[in-house]
Amino acid sequence: MAVTQEQADWFADAFNKLVGNVDQAILGKDHVIRLVVAALLTNGHVLLEDFPGTGKTVLAKALAKTLEGTNSRIQFTPDLLPSDVTGVTIYDQGKGIFEFHKGPIFASIVLADEINRASPKTQSALLEVMEEGRVTVDGVSHEVGSPFMVIATQNPVEQAGTYTLPEAQLDRFLIKTSLGYPDHDTAVTLLLDSSNRARDSRISPIIASGSVTTMAQLASDVFVDASVLGYLNEIVTATRTDKNSTLGVSMRGALSLARAAKTWALAQGRTYVTPDDIRDLAVPVLAHRIIVDPEADFAGVTAEDIVGRIIVEIEPPAYRAA
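Below is a short write-up of the structure.

About the thresholds
- Note that residues are indexed from 1 along each chain, following the sequence as it is written.
- Local features in this predicted model are restricted to residues of pLDDT 70 or higher, and side-chain atom pairs are both shown and tallied only at a pLDDT of 80 or more, whereas totals for entire chains, interfaces and linings draw on every residue.
- Side-chain calculation: all heavy atoms of the structure are included, whereas hydrogens and water are not.
- Only DSSP runs of H or I covering at least 4 residues are called helices, and only runs of E covering at least 2 are called strands; the numbering of each starts at the N terminus.
- It is over C-alpha atoms that the radius of gyration is taken, and the globule rule equals 2.2 Å times the number of residues to the power 0.38.
- Three exposure classes are used, based on accessible area relative to the maximum for each residue type with a 1.4 Å probe and protein chains only: buried under 20%, partly exposed in between, and exposed over 50%.
- Contact criterion: two residues are considered in contact whenever any of their non-hydrogen atoms come within 4.5 Å of each other.
- Reported accessibility uses the Shrake-Rupley method at a 1.4 Å probe radius. Residues are deemed covered only where the shown protein chains occlude them.
- In this tally, Lys and Arg are treated as positive and Asp and Glu as negative; His is ignored, and so are the chain termini.
- Charge placement uses NZ in Lys and CZ in Arg. For Asp and Glu, CG and CD serve respectively.
- We call Phe, Tyr and Trp rings a pair once their centres come within 6.5 Å, taking the six-membered ring for Trp, and we label the pair stacked below 30 degrees between planes, edge-to-face above 60, and tilted otherwise.
- Two thresholds decide whether a charge sits over a ring: the Lys NZ or Arg CZ must be within 6 Å of the ring centre and within 35 degrees of the ring normal.
- When DSSP locates at least two bridges between a pair of strands, those strands are taken to pair.
- An axis is simply a line fitted to the C-alpha atoms; with a helix, the fit covers only the stretch in contact. Between two such axes, the angle follows the N-to-C directions and lies from 0 to 180 degrees.
- Within this scheme, the nonpolar core is defined by two criteria: the residues are buried Ala, Val, Leu, Ile, Met, Phe, Trp, Tyr or Cys, and they are joined through side-chain atoms within 4.5 Å.
- In what follows, salt bridge is the name for a side-chain nitrogen of Lys or Arg lying within 4 Å of a carboxyl oxygen of Asp or Glu.
- Working rule for angles: under 35 degrees goes down as roughly parallel, over 145 as roughly antiparallel, 65 to 115 as roughly perpendicular, anything else as oblique.
- For a crossing to be left-handed, the near helix must be turned anticlockwise from the far one by less than a right angle; the clockwise case is right-handed.
- Think of it as the arc spanned by the lines of direction from the helix axis to the C-beta atoms.
- Every definition here rests on a 1 Å grid over the protein atoms only: cavities are sets of points where a 1.4 Å probe fits but cannot get out, pockets are open sets enclosed by protein on both sides within 12 Å along at least five of seven lines, and lining residues have some atom within 4 Å of a point.
- Grid points are joined across faces, edges and corners, and a volume is the space filled by probe spheres set on the points.
- Nonpolar residues are Ala, Val, Leu, Ile, Met, Phe, Trp, Tyr, Cys and Pro. Charged residues are Asp, Glu, Lys and Arg, and all others, Gly as well, are polar.

**Observations regarding the overall build of the protein**
- The secondary structure content of the protein amounts to 14 helices and 11 strands.
- Against the compact-globule benchmark of 20 Å for 322 residues, the protein has a radius of gyration of 20 Å, which places it among compact chains.
- Referenced to the eigenvectors of the C-alpha coordinate spread, the extents of the protein come out at roughly 75 × 50 × 50 Å.
- A total of 322 residues make up the protein; the buried ones form 48% of that total.
- The contacts of the protein with a sequence gap of at least 6 include a subset with a gap of at least 24, amounting to 77%.
- Accessible surface, the protein as shown: approximately 15300 Å² in total, 54% of it carbon and sulfur.
- Each charge sign in the protein was given a centre, from 27 positive and 40 negative side chains, and these centres are 2 Å apart.

**Topic: the packing of aromatic side chains**
- Following the criterion strictly, the structure yields two aromatic pairs and no others.
- Seen in terms of ring centroids, Phe11 and Phe15 are 6.4 Å apart; in terms of plane orientation they differ by 20°. Their pairing is stacked. Taken together, the positions of Phe11 and Phe15, both in helix α1 (residues 5-22) and four residues apart, correspond to about one turn of that helix. Phe15 carries the same exposure label as Phe11, and that label is buried.
- Judged by centre distance (5.8 Å) and plane angle (65°), the rings of Phe100 and Phe106 are edge-to-face.
- On the basis of relative accessible area, Phe100 is assigned to the partly exposed category, the value being 21%.
- Above the face of the Tyr272 ring, Arg270 is positioned so that its terminal group lies 5.8 Å from the ring centre.

**Observations regarding the sheet that holds strand β8 (residues 149-154)**
- Read from one edge of the open sheet, five strands run β2-β5-β8-β1-β9, paired in parallel fashion. Of all strands in the sheet, those bounded by a partner on one side alone are β2 (71-75) and β9 (175-177). Between one strand axis and the next, the sheet turns through 15° on average, direction left out of account.

**A few points about the environment of Phe100**
- As for its position among the elements, Phe100 is in strand β4 (residues 97-102).
- Counting along the chain gives 182 residues from Phe100 to Ala282, while the straight-line C-alpha distance between them is 41 Å.
- The residues touching Phe100, leaving out its near neighbours within four places in the chain, are Thr86, Gly87, Val88, Thr89, Phe106, Val137 and His142.

**Comments concerning the nonpolar core**
- Counting residues in each nonpolar core, the largest one holds 74 residues, and the members touching the most others are Phe11, Leu59, Met149, Ile278 and Leu286.
- Examining the composition of this core, we find that nine residues originate from one element, helix α11 (residues 251-267), more than from any other.
- Residues in contact with Leu286, not counting those within four places in the same chain, are Ile235, Val236, Val249, Gly253, Leu257, Leu281 and Val307.
- Phe106, Ala107, Val129 and Val150 belong to the second largest nonpolar core, which has 24 residues in total.

**Details of the pattern of salt bridges**
- A full pass over the atoms with the stated rule returns 13 salt bridges.
- Between Lys176 and Glu49 there is a salt bridge, with its nearest N and O atoms 3.2 Å apart. Of this pair, Lys176 sits in strand β9 while Glu49 sits in strand β1 (residues 46-49), and the two are 127 residues apart along the sequence.
- Residue Lys176 is classed as partly exposed on the basis of its relative accessible area of 23%.
- Ionic pairing is found between Glu313 and Arg309, a salt bridge with its closest N-O pair at 3.6 Å. Of this pair, Glu313 and Arg309 both sit in helix α14 (residues 303-313), four residues apart, which is roughly one turn of that helix.
- On the accessibility criterion, Glu313 (53% relative accessible area) is exposed.
- Judged by relative accessible area, Arg309 falls into the partly exposed class, the value being 30%.

**Describing the packing of helix α10 (residues 226-241) against helix α12 (residues 275-286)**
- Close contact between α10 and α12 brings their axes to 11 Å; oriented N to C, the two are set at 30°. What the angle tells us is that α10 and α12 run roughly parallel. Crossing hand, α10 versus α12: right-handed. For the pair α10 and α12, the contacting residues are Val228, Tyr231, Leu232, Ile235 and Val236 in the first and Pro275, Ile278, Arg279 and Leu286 in the second.

**Some thoughts on helix α6 (residues 125-132)**
- Among the residues of α6, those classed as buried are Ala125, Leu126, Val129 and Met130. What you see down the axis of α6 is that its buried residues fit within an arc of 100°, all on one side.
- Where α6 is buried, its residues contact α4 (82-86), α5 (120-123), β6 (134-137), β8 and α7 (167-170).
- Among the residues trailing α6, Gly133 stands out with phi positive, at a value near 75°.

**Topic: the layout of surface pockets**
- When its volume is computed, the largest pocket comes out at roughly 650 Å³.
- Taken together, 28 residues make up the lining of the largest pocket; nearest its centre are Leu170, Lys176, Ala287, His288 and Ile290.
- Sorting the residues of the lining of the largest pocket by element identifies α7, β11 (291-292) and α14 as the ones contributing at least two each.
- The class makeup of the residues in the lining of the largest pocket is 11 nonpolar, 10 polar and seven charged.

The following block contains the structure:
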């Protein structure tokens, strides 16, 4: 069913309120917050990669507190086991039956802090739940419910004792982004409020979990013209054939960009997707799915550079000559 303009206006207003609520904890990072909220409303997951002390954990906790759902935090360490994430089946002698005890993954918003510090075996425990919204323990599947979102953080500087996320897991993150350091004015504002050690504590829930699900369903009905989808596919195909990449964007990545673009368009009060929506989201949605050729990497070329150049080289549908 087509989205009406009235529905688009309601969605945009609710979206801006969500962003504004989280912005109370993270100042001066409106664009990053909008990306994270868009991922939530696209039923996607977010990877925050940034230097220590830039507010990655605060952002995740602030978003969790914005919802009236449940939230949990998993501190990933080398000795963390898969069952510590998913849960475990325990035999109850009194009842004479096996009972499943849910792990911290059963929450609306799950903060996976320093995800690259856990072993690959533990990291793989997230693959099924991030893709299908359920975990399988002892052959029995358990739904985690909706909405469900994983916000993972990792530190790109300190690599000792870490495990690089495999491509299959990176591909399951809708968006990869970073906060970066605040500008001068924002930094001064934060310093003036330095006595407040927990800025996320001032966040109050403003939306029910059910409303998040409703907004996500509405976003999925946004119209996308075939020419815009063709433009999207050209960008994705170019990442596979680019001389500086050894692995381009998968079909899952292309689908992720199409879904995210619908949410992005609706958040701006539009009932249709434009090429600009694709361009706005191309880097945060596609770049982390690309493996840069070792020689190009040594020369300083990044995946973000590859995507950025591609969206400049490929003309959007509206600007092509007849």
